[in-house]
Amino acid sequence: MKKKNKYKKQDLDQKKSRIFAELERLYQKMEMAYNEIASRLGLKCSECEDNCCVSYFQHHTHIEWAYFFKGLKTLSQDRQKQIISRAKEYVDLSKKELEKGIRPKIMCPVNENGLCILYKYRLMICRLHGIPNTVKMPNGITKKFPGCSMCIALTKNSPYFPIMDRTPFYQALADLERRFTKLLKNPIPKVDYTLAQMILLGAPK
Ligand code: SF4
Ligand code: SF4
């Protein structure tokens, strides 16, 4: 019986690893598309005085949440404890801000000295934020976003500038998410969490 469970777990782990590999390829495609547009716009994060890691990002997939935890587990126990402690502060403070009707602007718990310490494992929105983009929603409505403040300054006098269509990336991620949640025992009906909340909840089961 024990052996059977062991094989079952190995099989499950292999299936998850294969989907993670697909997620990594999708992230690479996003990165290529992002870099191409950012370079045409002349957008350089290295020249930016803002840090968008203080943005109140919410994330919506178990697969990205689980992949982030794969990265978190590569850190030492001490470092993980520090991140958990910062995540608690983030959640407490953001709750207070939201109660006052203020959109929180708090540094992400995995940012240290201005840099993401889990850059390889950062989530989709961290990868796509900044450049102008559109997305066609499942209800057929297309939403448009102008990009970050530095990008708005760069494009404000341009009659034409490149825009990223996020739709194929969202669709590909939704497909991976559908397949990944089938491997979970207790998927949550609607994931809608900040990274700090995800850290405190632990990896999705
Ligand atoms: S995406 Fe925009 S706001 Fe964020 S660091 Fe880059 S230039 Fe700055
Ligand atoms: S995960 Fe990394 S890139 Fe994303 S907000 Fe946090 S520190 Fe920034």
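Remember, it's a predicted structure, so these values are computed and weren't measured experimentally.

**Quick notes on the site of ligand 1**
(1) Moving on: Every residue close to ligand 1 is listed here: Tyr 34, Leu 43, Cys 45, Cys 48, Cys 52, His 129, Gly 130, Cys 148 and Met 150.
(2) Moving on: Looking at the shell around ligand 1 residue by residue, the classes come out as seven nonpolar, two polar and no charged.

**Examining the packing of aromatic side chains**
(1) Moving on: Scanning all chains against the criterion turns up six aromatic pairs.
(2) Moving on: On the basis of an interplanar angle of 85° and a centroid distance of 6.1 Å, the ring pair of Phe 68 and Phe 69 is categorised as edge-to-face.
(3) Moving on: A relative accessible area of 1% means that Phe 68 is categorised as buried.
(4) Moving on: Following the ring pairs from residue to residue traces out a cluster consisting of Phe 20, Tyr 27, Tyr 67, Tyr 121 and Phe 180.
(5) Moving on: The ring of Tyr 119 is capped by Arg 122, whose NZ or CZ atom sits 3.7 Å from the centre of that ring.
(6) Moving on: For the cation-ring pair, Arg 127 lies above Tyr 27, with the distance from its terminal atom to the ring centre recorded as 3.6 Å.

**Points about the environment of Met 30**
(1) Moving on: Secondary-structure assignment places Met 30 in helix H1 (residues 2–41).
(2) Moving on: For Met 30 and Met 124, which are 94 residues apart along the polypeptide, the C-alpha to C-alpha distance reads 8.4 Å.
(3) Moving on: With near-sequence residues (within four places) excluded, Met 30 lies in contact with Met 124, Arg 127, Leu 128, Met 164 and Phe 169.

**Let's talk about the sheet that holds strand S4 (residues 142–145)**
(1) Moving on: In spatial order, the strands read S4-S3-S5; together these three strands make up an open sheet with mixed pairing. Sheet topology places S4 and strand S5 (164–165) at the edges, where each strand pairs with a single neighbour.
(2) Moving on: For strand S3 (residues 133–136) and S5, the ladder comprises two bridges, and the chain directions are parallel. The residue bridging Thr 134 from the neighbouring strand is Asp 165, located in S5.

Rules and cut-offs
- Residues numbered from 1 in each chain as written.
- Chains lettered and ligands numbered in written order.
- Predicted model: local features only at pLDDT ≥ 70, side-chain atom pairs only at ≥ 80, totals over all residues.
- Heavy atoms only, no water.
- Near = heavy atom within 4 Å.
- Nonpolar A, V, L, I, M, F, W, Y, C, P; charged D, E, K, R; others polar.
- Phe/Tyr/Trp six-rings, centres within 6.5 Å; stacked < 30°, edge-to-face > 60°.
- Buried < 20%, exposed > 50% of the residue type's maximum accessible area, 1.4 Å probe, protein only.
- Lys NZ or Arg CZ within 6 Å of the ring centre and 35° of its normal.
- Helix = DSSP H or I, 4+ residues; strand = E, 2+ residues; numbered from the N terminus.
- Contact = heavy atoms within 4.5 Å.
- Pairing = 2+ DSSP bridges.

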